[in-house]
Amino acid sequence: MRLYYGVRGRSRHKEINPHYRRSAGGARLKMTSFDASLGLDLELEIIEGNQVRQSRQIVFREVSGSVKHLPIPEDMRNPDQLRAAFEELGVGEIAEARVFYDPEETTWIEPLVRGVWPNIKFAEGELAATSYRAGATVRIELTDRYFRAIAKIGFHYFLTQFPTYSGSEPQFGMIRGFIADGGPVSLANEFIGERQHALIGQLRDGGRPDGWKGHIVAAEINAQACLAHVQLFVCEDFPPRIFTIKLASNVDNSRSSGCGHLYAYFEKEQEGKFSGEVHSLDYGSVPFSAPPLKPVVGEPD
C-alpha cells in the first residue's frame, strides 16, 4: 500500500523494494499476472499508483510445466549472489528460461547473468515492458511479527490517550509479552480479532472514503476490557481489515470512555517533513449489538 500510494519513509531510512527483498520475517511481495503473448505468468512490480512493470527477473519453465521466478534486485551485482539465489529456488529440469529487464539495465544485467550461464543468448524482445495493463494477483505473507506490530500500534495509542496508565500494570502483562516475544502466528487470535463493523460512521453500510486515505486508530475502556482498534490504509479502493486488540480486562469497571483519530495523508505531496495531518474523531456508542470478532488467523487449508 505504501508503494501504491507513493508514501515515502523517513529520510534516514534506506528504501527497500518489497518486490525483491523480504522484511520483518515475511516473504517478499509477489505480484503475478499471466502474459498471453508469452504463455506464462510473469512477476510485476509497482512503480507508483496503478502503474506497474514486469519485474527484473529470470523466468524458468520446467519440463514438468511449472514456472518459477528468480527476481534480480538492484544490489545483486555479483554472479555468486545470482547463483546462490538460483540454487535456493530449487529449479527442476529446465525446458526454457527468459530474462526480463529494462534497456537501461543492459550494462550490468547481461554480464551478471553470463557470469552464471556463459552461453546464454539475449533477445531484444525480452526486454521488460515499462507498463502493464493486465490484472494481477498479489501474494502477501503475514507472520506473527505483523500482528505484534498491530498490537504495538494499538497499545501505544491507548497509553497516549489514557495517561493514567503507564503500560507497566500487571493487567497488561500478557499483551506486553505477545508484543515482545510473539510465538506461532495462530497466537495472534488470543489478542487480536477482526472487527465486523465500521469504526467511523461515514464507512457504515459499505461506505468508502470520498477521496481521502489514511489510518484510523481508536481506543476504549468498557465494562469488560481495555481495547484498541487499528485500521490501516483506509481508502476508496478497498475496505481494509479492522483489528481490535484486547489489551487487558478492565479492572476498573467504573470507567467507560473512548477516543479515536484519523491520520490522513495529504492529497498531494509531503509538506515539509509531514506526510499528512491528524483529525480527532468523536466517540459514541452504536445503536445495535456489535457482531463478534472474527479470528485474524484462520485454519490452514
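Not measured: the values here are computed from a predicted model. (Residues numbered from 1 in each chain as written. Predicted model: local features only at pLDDT ≥ 70, side-chain atom pairs only at ≥ 80, totals over all residues. Heavy atoms only, no water.)

Participant: Just checking my understanding: could you explain the overall build of the protein for this structure?
Facilitator: A count of helical and extended segments in the protein gives 5 helices and 14 strands. Sequence-distant contacts in the protein: of pairs separated by 6 or more residues, those separated by 24 or more amount to 62%. Total accessible area computed for the protein in this model is approximately 17500 Å², and 50% of it derives from carbon and sulfur atoms. (Helix = DSSP H or I, 4+ residues; strand = E, 2+ residues; numbered from the N terminus. Contact = heavy atoms within 4.5 Å. Areas by Shrake-Rupley, 256 points an atom, 1.4 Å probe, with all protein chains shown as cover.)

Participant: Would you explain the environment of Ile-221 in this entry?
Facilitator: Along the chain, Ile-221 turns up in strand E9 (residues 214-221). Accessibility expressed as a relative area gives 0% for Ile-221, which makes it buried. Those residues within four positions of Ile-221 in sequence are excluded, and the remaining contacts are Phe-158, Phe-162, Tyr-165, Cys-226, Asn-250, Arg-255, Ser-256 and Ser-257. (Buried < 20%, exposed > 50% of the residue type's maximum accessible area, 1.4 Å probe, protein only.)

Participant: How should helix H3 (residues 106-114) be read in this particular structure?
Facilitator: An α-helix turns once per 3.6 residues; consequently, residues spaced three or four apart project the same way. Here H3 has its buried residues at Trp-108, Ile-109, Glu-110, Leu-112 and Val-113. Its buried side turned inward, H3 meets strand E4 (57-62), helix H2 (79-89) and strand E6 (94-100).

Participant: Can you help me understand the packing of aromatic side chains in this one?
Facilitator: Two aromatic rings are characterised by how far apart their centres lie and by the angle between their planes. The tally for this structure, following the rule as stated, stands at 13 aromatic pairs. Pairing Tyr-146 with Phe-243 gives two aromatic rings, centres 6.3 Å apart and planes at 70°, and the pair type is edge-to-face. A residue pair is termed long-range when its members are at least 10 positions apart, and Tyr-146 in helix H4 (residues 144-161) and Phe-243 in strand E11 (residues 243-249) qualify at 97 residues. Sitting over the face of the ring of Trp-108, Arg-77 holds its NZ or CZ atom 3.8 Å from the ring centroid. (Phe/Tyr/Trp six-rings, centres within 6.5 Å; stacked < 30°, edge-to-face > 60°. Lys NZ or Arg CZ within 6 Å of the ring centre and 35° of its normal.)

Read these as geometric descriptors, not functional statements.
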